[in-house]
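# What the coordinates show
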Amino acid sequence: MDKIINEQDWNNLSQSFLESKPFNHIVIDNFFVDSFARNIFDDMPEYEENSDAKYDNPVEKKRTVQNWTKFPKNIYKAATYLVNQEFTGYLQQLTQQKDLMPDFGLHGGGIHMHKTGDYLNTRLDYNIHPKLDMKRKLNLIVYLNPNWQESWGGNLGLWSHDEETDQPKELIKSVPPVFNRAVIFDTTQNSWHGVTEGIFAPDGEYRKSLAFYYLIPTNDMSNNRQKALFVPRQEQKGDQSILDFIKVRTGY
């Protein structure tokens, strides 16, 4: 297989990853080889094209493509690499988690797309895979938006955790979804994250990304959250109907 990602010193990145706040994460620019990143972008479907899932509810509005057979050639090639043994080995170095393995089924992963007016409330991701009874340990998101402007919003926010309320506390980091930027973060550390502001892209421009998740074995099923736990957006706070929806959506 041709070279797909740019070389990284994964052992050196590991120190930054393990010392980062508010939870373990790393941001890597120029993740894919540039020519290949542009090939992936060219292969990206339109917002309404081949969607497997259409999320349209009070806490998340987006389109996804998770089915491998619907991936165009270059996205299929990227996905194959990001779940193979070589790349998983790099993530094992990064996290110092030797038993890390990819979720080959891309449950909740694959291609994600947002347009103006879409949203993704701050949340904790599911922590137990609903089919494998393994713990979800790591998220890899690669943004593929070559024309993205700061004024269009859509940043990924990373929040600290409030031990007293068991809710997100402070926005610690805001990551613009610029072209070929990867964000890798641990999802087992009260890892509150979401789109911190609205999306204001012009017609024909979309916030597009690839998302891959990685798992570890677990014997602890006490906190068996198989669905994401969302919190209300600022304008939704105090709305009991939103709190009731979140309770149903999470399955608590």
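Our structure is the block above this text.
Notes on the structure in this doc start here. Residue numbering note: each chain is counted from 1, following its sequence as written. It should be noted that, the model being predicted, local features are given only for residues of pLDDT at least 70 and side-chain atom pairs only at 80 or more, the latter also being counted only at that level, while totals for whole chains, interfaces and linings use all residues. Side-chain measures were taken over the full set of non-hydrogen atoms in the model, leaving aside hydrogen atoms and water.

Relative accessibility decides the category of a residue: with a 1.4 Å probe and only protein chains considered, values under 20% of the type maximum give buried, values over 50% give exposed, and everything between is partly exposed. Strands are runs of DSSP state E lasting at least 2 residues, helices are runs of H or I lasting at least 4, and numbering of each runs from the N terminus. Three or more residues of helix α2 (residues 34-43) are buried, namely Phe-36, Ala-37 and Ile-40. One face of α2 carries all of its buried residues, which in axial projection span an arc of 105 degrees. This arc is taken over the directions from the axis of the helix to the C-beta atoms.

Let us look at the nonpolar core. One finds Trp-10, Phe-31, Phe-32, Phe-87, Leu-140 and Leu-210 to be the most contacted residues of the largest nonpolar core, which totals 41 residues. Here this core gets five residues from one element, more than from any other, and that element is helix α3 (residues 73-82). It only takes one pair of heavy atoms within 4.5 Å for two residues to be counted as in contact. Ignoring anything within four residues of it in the chain, the contact list for Phe-31 reads Ile-5, Asn-6, Trp-10, Leu-82, Phe-87, Leu-140, Val-142, Asn-180 and Ala-182. In this description, a nonpolar core means a group of buried Ala, Val, Leu, Ile, Met, Phe, Trp, Tyr and Cys residues linked to one another through side-chain atoms lying within 4.5 Å. In terms of nonpolar packing, the next biggest core, distinct from the first, is built from 15 residues, Leu-120, Leu-124, Leu-229 and Ile-242 among them.

Glancing now at the pairing of strand β3 (residues 60-65). Most of β3 is tucked away, with five of its six residues classed as buried. We treat two strands as partners when DSSP finds at least two bridges between them. Looking at chain direction, strand β2 (residues 53-57) and β3 are connected through five bridges and run antiparallel. By the bridge assignment for β3, Tyr-55 is matched with Lys-62. In this antiparallel pair of consecutive strands, β2 and β3, the connection spans two residues. Where β3 and strand β6 (residues 119-120) come together, two bridges link them in antiparallel fashion. Along β6, the bridge assignment pairs Glu-60 with Leu-120. Where β3 meets strand β5 (residues 110-114), three bridges bridge the pair, whose relative direction is antiparallel. Paired with Arg-63 across the two strands is Met-113, which belongs to β5.

Below, the discussion takes up the pattern of salt bridges. Side chains that differ in charge, positive against negative, can pair when their charged atoms come close. Here a salt bridge means any side-chain nitrogen of Lys or Arg lying within 4 Å of a carboxyl oxygen belonging to Asp or Glu. Under the counting rule described, the total for this entry stands at eight salt bridges. In this structure, Arg-181 and Asp-29 form a salt bridge, with 2.6 Å as the shortest nitrogen-oxygen distance. Residue Arg-181 is located in strand β11 (residues 181-186), and its partner Asp-29 is located in the loop between β1 (25-28) and α2; the two are separated by 152 residues in the primary sequence. Note on Arg-181: relative accessible area 15%, which makes it buried. In this structure Asp-29 comes out as partly exposed when scored by relative accessible area, which is 40%. Between Lys-137 and Asp-186 there is a salt bridge, with the nearest N and O atoms lying 2.7 Å from each other. Of this pair, Lys-137 sits in strand β8 (residues 135-143) while Asp-186 is found in strand β11, placing the two residues 49 residues apart along the sequence. Of the two residues, Lys-137 and Asp-186, both sit in the buried class.

Right, let's get into the packing of helix α1 (residues 10-19) against helix α4 (residues 85-95). For every element, the axis is a line fit to its C-alpha atoms; helices are fit only across the contacting stretch, and the angle between N-to-C directions ranges from 0 to 180 degrees. Between α1 and α4, the least distance of the axes is 7 Å, while the angle of their chain directions is 45 degrees. Comparing the axis directions of α1 and α4 gives the class oblique. Crossing hand, α1 versus α4: right-handed. Between α1 and α4, the contacting residues are Trp-10, Asn-11, Leu-13, Ser-14, Phe-17 and Leu-18 on the first element and Phe-87, Tyr-90, Leu-91, Gln-93, Leu-94 and Thr-95 on the second. When grouped by side-chain class, the residues that make up the contact of α1 with α4 number eight nonpolar, four polar and no charged. Roughly parallel here means an angle under 35 degrees, roughly antiparallel means over 145, roughly perpendicular means 65 to 115, and every remaining angle is called oblique. Put simply, a crossing is left-handed when the front helix is turned counterclockwise from the back one by less than a right angle, and right-handed when it is turned clockwise. Ten residues, namely Ala, Val, Leu, Ile, Met, Phe, Trp, Tyr, Cys and Pro, are considered nonpolar, four, namely Asp, Glu, Lys and Arg, are considered charged, and the remaining ones, Gly among them, are considered polar.

Mapped onto the elements, Asn-74 comes out in helix α3. In contact with Asn-74, not counting residues within four places along its chain, are Phe-36, Asn-39, Ile-40 and Asp-43.

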